[in-house]
Amino acid sequence: QQRDDLTTSQPAPAGEVTGDESRPSPTTTTATGLSSLVDACRAIAGLRDRAELHRTTVEEAIRLTNAEAGAFIVTPGADPGRAQYVFQSHPQLFVGATLGAGVLRTTLVEREAVCEVVADEPSLALSPIALAVTPAIAAGGVVGLIVVLRSADEPFGNTDLEVLNMLAPAAGSAHVAASST
C-alpha cells in the first residue's frame, strides 16, 4: 500500500547512481550544511513547549535528510508497548498503538540508528518505504525516536544517519527539559 504524496519519485534510469549519491543530504561536509545542522540543533535546544519541540525536530530532520515524511515517537521508560506517536508530518503514517516487532522496536531496544528499505514494518502504514530512525537519548535513557521516511527508490544512507545522530542529542535533551517545566 502506498500513498501518492510520499512515493512520487521515479526509479533511476539504468546506470544512474541511486541512494545517498543521487539525493545528497544538504548537510554533507560543506560549511553551509554544517551551519544548517548547528542552526537546527540550536533551534531545538531552545524550545520548551513539547508540541513545538516535537514538530520542529521532525521538520528539521526531514529538511536535513531530504525526507518526505517523519515522526517523533515518545517512548516512556523505553517501553515499546507505551510508545506514543506525538508528532507525524502526515496523518496515518503509523498503524497500531505499539512499535510491533520491527525496525522501530529494535532501534528502541538496541539504541542504534538504522536506515533501510522496509517492506513489512508492522508499525508503518506504507510499504515498501525507505526509513531512517535514531534514538533520542537523554538522562541515561531513550526518550524517543526520530523517524524519517521517503520513497523506497531513494534509500537513506550513512550521511543521513550521521545527520540524525547529531540532531538526536539536542532533541533528547530538549524533550527532558520540556518535560520538567
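Please read these numbers as outputs of a predicted model, since none were measured by experiment.

A. Broad picture of the packing of helix 2 (residues 50–65) against helix 4 (residues 158–179). For the pair helix 2 and helix 4, the least separation of the axes is 10 Å and the interaxial angle reads 175 degrees. Comparing their axes, helix 4 and helix 2 come out roughly antiparallel. Between helix 2, through Arg-50, Leu-53, His-54, Thr-57, Glu-60, Ala-61, Leu-64 and Thr-65, and helix 4, the contact on the second element is made entirely by Asp-160, Val-163, Leu-164, Leu-167, Ala-171, Ala-174, His-175, Ala-178 and Ser-179. Of the residues assigned to the contact of helix 2 with helix 4, the class counts are nine nonpolar, five polar and three charged.

B. Representation of the pairing of strand 1 (residues 69–74) in the model. Along strand 1, six of the six residues are buried, which leaves the element largely enclosed by surrounding structure. Bridging between strand 1 and strand 5 (residues 141–150) involves six bridges; their strand directions are antiparallel. Across the sheet, the residue bridging to Gly-70 is Val-148, located in strand 5. The pairing of strand 1 with strand 2 (residues 84–88) spans four bridges and is classified as antiparallel. The residue of strand 2 that forms the bridge with Ala-71 is Gln-88.

Cut-offs applied
Residues numbered from 1 in each chain as written. Predicted model: local features only at pLDDT ≥ 70, side-chain atom pairs only at ≥ 80, totals over all residues. Heavy atoms only, no water. Axes fitted to C-alpha atoms, helices over the stretch in contact; angles between N-to-C directions. Helix = DSSP H or I, 4+ residues; strand = E, 2+ residues; numbered from the N terminus. Parallel < 35°, antiparallel > 145°, perpendicular 65-115°, else oblique. Contact = heavy atoms within 4.5 Å. Nonpolar A, V, L, I, M, F, W, Y, C, P; charged D, E, K, R; others polar. Buried < 20%, exposed > 50% of the residue type's maximum accessible area, 1.4 Å probe, protein only. Pairing = 2+ DSSP bridges.

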